[in-house]
Amino acid sequence: MKHLRFAETPPMGWNSWDCYGAAVREEEVKGNAEYMARELKQYGWEYIVVDIQWSEPGANSSQYRPFVPLEMDAFSRLVPAVNRFPSAADGKGFKPLADYVHSLGLKFGIHIMRGIPRQAVHDNTPIKGTDARARDIAHPNSICPWNTDMYGVDASKEGAQEYYNSLFDLYASWDVDFVKVDDIAASRLYGMHLAEIELIRKAIDQCGRDMVLSLSPGPAPVEHAEELKKSANMWRMTDDFWDHWNLLYAMFERCEKWAPHTGPGNWPDCDMLPLGHIGIRSVDGGGGDRYTRFTKEEQITMMTLWSIFRSPLMFGGELRDNDDWTLSLLTNEEVIKVNQSSTNSRLVYREGGKIVWAADGLDGETYAALFNTGNDFTEIGVTLDQLGIKKRDVNVKDLWNKKEIGPAENEISMELPAHGACLLRLR
């Protein structure tokens, strides 16, 4: 499979949704890219992703304005709104912004909705590479219940593949590295749109440029794991994830279900990290303009679970407003190493609020993640046998605190606060 030659490790980057909703502007994208290049690139962070509705000139929050005109070219393809992305003027699209991101040593991504713009269908505009027109390939009964921009594409119609080919040819001409496709992995009305996923996979493969394919939203159906692995690099296993403890708690079960399906080129996705300064123009998740509502313990729990499960790491906050604590979560090299290079991620046991995960390191080490999901201070232990460690003379290091704990002979035990976690390296 062609797409397995990239995204060999979980993608790491920034996405504009959690802080700016549908309303991010070019200068904000550039500012976050500059911060990433300066503070985070050396730790593996590299993708800068412009989320939904970049073609909507009047977008002002995460609340979509229904049935408004979008910027579109002559071939039924959405293009950036020039008032929000000035460098896109004169038909340049996202190429100048991608060039700027690339000049910083980073990679550039965009969000799209599956399907074809409704306004293209209503105007019956042409499709590049075929005599078919927008109305010929549209599936007007296949709509997104939360966004009015698009109709689905009927994969059985002549011109359907050509339409998606023309889209990804355009993105390749812009030098896009990452495409997040929405309303496709799981739709509230129709389930998974496998036929359109296959059209998109073929379109990327023919466009001549490597692009990470990310599918949203979730929960993607685990019974379709093999089809997802054939077509996509990452797919959401959850609906939009926000800074609520109940959503974080529910992620443990999702990770347990999807753990057998992680590996090079294929990454079940826990969704963005709602850390730091979020909600600036995004009102989803409640709470408005704020710093994350997760406690420090819950932030460690989230980063630990995402890391040992090997989810993609996509930061959602305004990077330029990071405090030292938030930055420390993103620059712990040994924790990032667990996310990027461990194998055999697995649940060891779950008993009430006590949860233990493990993974294997590249150099023979074992990683153990201990979680206290209960509401009281609790001691959590795990034996070397449970971790699959045969030797009885292992040294233990606490990766978050960057502290050597010392030798362990049979068992490790840690006292953890409510909703807290620790990540240990044993070797």
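Basis of the calculations
Within every chain, residues take consecutive numbers counted from 1 along the sequence as written. pLDDT decides what is reported in this predicted model: residues at 70 or higher carry local features, side-chain atom pairs at 80 or more are listed and counted, and totals for whole chains, interfaces and linings draw on all residues regardless. Side-chain metrics rest on all non-hydrogen atoms present in the structure, leaving aside hydrogens and water. UniProt positions are given in the numbering used here, feature names are shortened, and annotations may be inferred rather than shown by experiment. Categorising residues by exposure relies on relative accessible area from a 1.4 Å probe, with only protein chains included: less than 20% of the type maximum marks a residue as buried, more than 50% marks it as exposed, and the intermediate range marks it as partly exposed. Each helix is a run of H or I in the DSSP string that is no shorter than four residues. Each strand is a run of E no shorter than two, and both are numbered from the N terminus. For two strands to pair, DSSP has to find at least two bridges joining them. For a crossover, the right-handed case is the one in which the path from the first strand over the helix to the second runs clockwise, viewed with the strands pointing away from the viewer. A helix's residues, less one, multiplied by 1.5 Å, set its expected span. Every residue pair with non-hydrogen atoms within 4.5 Å of one another is taken to be in contact. Think of each axis as a best-fit line through the C-alpha atoms, taken over the contacting stretch in the case of a helix, with angles from 0 to 180 degrees between the N-to-C directions. For our purposes a nonpolar core is just a set of buried Ala, Val, Leu, Ile, Met, Phe, Trp, Tyr and Cys residues, chained together by side-chain atoms within 4.5 Å. The source of the domain bounds is an automatic or database domain assignment. Put simply, angles under 35 degrees are roughly parallel, angles over 145 are roughly antiparallel, angles from 65 to 115 are roughly perpendicular, and the rest are oblique. If you view the pair so one helix is near and one far, a crossing is left-handed when the near helix is turned anticlockwise from the far one by less than a right angle, and right-handed when it is turned clockwise. Polar here means any residue outside two lists: the nonpolar Ala, Val, Leu, Ile, Met, Phe, Trp, Tyr, Cys and Pro, and the charged Asp, Glu, Lys and Arg; Gly therefore counts as polar. What makes a patch is a set of residues exposed beyond 30% relative accessible area and free of salt bridges, joined within 9 Å when like-charged and within 5 Å when nonpolar (Val, Leu, Ile, Met, Phe, Trp, Tyr). Each accessible area is a Shrake-Rupley result for a 1.4 Å probe, and residues are judged covered by the shown protein chains and nothing else. We define a salt bridge as a contact between a side-chain nitrogen of Lys or Arg and a carboxyl oxygen of Asp or Glu at a distance within 4 Å. Residues counted as positive are Lys and Arg, residues counted as negative are Asp and Glu, and His and the chain ends are not counted. Every charge is mapped to an atom, namely NZ of Lys, CZ of Arg, CG of Asp or CD of Glu.

- The name an unreviewed UniProt entry gives the chain is Alpha-galactosidase, with Mesobacillus foraminis as the organism.
- UniProt, in the comment section headed Sequence similarities (unreviewed entry), describes the chain in these words: "Belongs to the glycosyl hydrolase 27 family."
- Per UniProt, the chain carries the Catalytic activity (unreviewed entry) text "Hydrolysis of terminal, non-reducing alpha-D-galactose residues in alpha-D-galactosides, including galactose oligosaccharides, galactomannans and galactolipids."

Structural notes on the pairing of strand β3 (residues 107-113)
On a regular strand, one side chain projects to one face of the sheet and the next to the other, so that they alternate.
Okay, so step 1: In terms of burial, β3 is a largely internal element, six of the seven residues being buried.
Okay, so step 2: In terms of strand pairing, strand β2 (residues 47-50) meets β3 through four bridges, oriented parallel. When the bridges of β3 are listed, Val50 appears paired with Ile110.
Okay, so step 3: You can see the chain leave β2, run along helix α3 (residues 95-103) and come back into β3, and the turn it takes is right-handed.
Okay, so step 4: With five bridges joining them, β3 and strand β7 (residues 178-182) adopt parallel strand pairing. Along β7, the bridge assignment pairs Gly109 with Phe178.

Regarding helix α7 (residues 194-206)
Okay, so step 1: Between its first and last C-alpha, α7 extends 19 Å over 13 residues, near the 18 Å set by a 1.5 Å rise per residue.
Okay, so step 2: Regarding α7, the residues found buried are Glu196, Ile197, Leu199, Ile200, Arg201, Ala203 and Ile204.
Okay, so step 3: Buried residues in α7 make contact with β6 (147-153), α6 (160-173), β7, β8 (212-215) and α8 (225-231).
Okay, so step 4: Note on α7: the residue one or two positions beyond its end, Gly208, has a positive phi of about 85°.

Regarding the sheet that holds β3
Okay, so step 1: One open sheet holds the eight strands; their spatial order is β10-β9-β8-β7-β3-β2-β1-β13, and the pairing between them is parallel. The open sheet terminates on both sides in strands that have one partner only, identified here as β10 (267-269) and β13 (313-315). Across this sheet, the average inter-strand angle for adjacent strands is 25°, counted without regard to direction.
Okay, so step 2: Relative to β13, strand β1 (residues 12-15) runs parallel, the two being bridged by three bridges. Directly across from Met12, in β13, lies its bridge partner Leu313.

Section: the pairing of β8
Okay, so step 1: Of the two faces of β8, the one lined by Val212 and Ser214 and the one lined by Leu213 and Leu215 are each fully buried.
Okay, so step 2: Two strands pair when backbone bridges link them, and β7 and β8 are joined in this way by four bridges, in the parallel orientation. Bridge pairing in β8 places Val181 opposite Leu215.
Okay, so step 3: After leaving β7, the chain enters α7 and then returns to the sheet as β8, a path that is right-handed.
Okay, so step 4: Pairing analysis gives two bridges linking β8 to strand β9 (residues 234-236), with the strands arranged parallel. Bridge assignment links Ser214 to a residue of β9, and that residue is Met234.
Okay, so step 5: Assessed by its sense of winding, the connection that carries the chain from β8 through α8 to β9 is right-handed.

Observations concerning the environment of Val179
Okay, so step 1: By the element assignment, Val179 lies in strand β7.
Okay, so step 2: In this structure Val179 comes out as buried when scored by relative accessible area, which is 0%.
Okay, so step 3: For the pair Val179 and Val79, spaced 100 residues apart in sequence, the C-alpha to C-alpha distance is 14 Å.
Okay, so step 4: The contacts of Val179, once residues within four sequence positions are left out, are Ile110, Ile112, Phe168, Tyr171, Met211, Val212, Leu213 and Ser214.

Remarks on the nonpolar core
Okay, so step 1: Formed by 127 residues in total, the largest nonpolar core has its most connected members in Phe168, Tyr171 and Trp357.
Okay, so step 2: A per-element tally of this core places α6 first, with eight residues.
Okay, so step 3: Here this core spans two domains, since at least three of its residues come from each of domain 1 (3-341) and domain 2 (346-426).
Okay, so step 4: Residues Leu370, Leu384, Met414 and Leu424 belong to the second largest nonpolar core, which totals 19 residues.

Points about the packing of helix α2 (residues 26-40) against α3
Okay, so step 1: Where α2 meets α3, the closest approach of the two axes is 10 Å, and the angle between their N-to-C directions is 15°. Between α2 and α3, the crossing angle belongs to the class labelled roughly parallel. In the crossing of α2 with α3, the sense of the turn from one axis to the other is right-handed. On α3, the residues touching Glu26, Val29, Lys30, Ala33 and Glu34 of α2 are Leu97, Tyr100 and Val101.
Okay, so step 2: Across the contact of α2 with α3, the residue classes break down as five nonpolar, no polar and three charged.

Some words on a negative patch on the surface
Okay, so step 1: A contiguous patch of negative charge, built from Asp131, Asp136, Glu158 and Glu162, is present on the exposed surface.
Okay, so step 2: With respect to the helices and strands, Glu162 occurs in helix α6.
Okay, so step 3: On the basis of relative accessibility, which here comes to 30%, the residue Glu162 falls in the partly exposed class.

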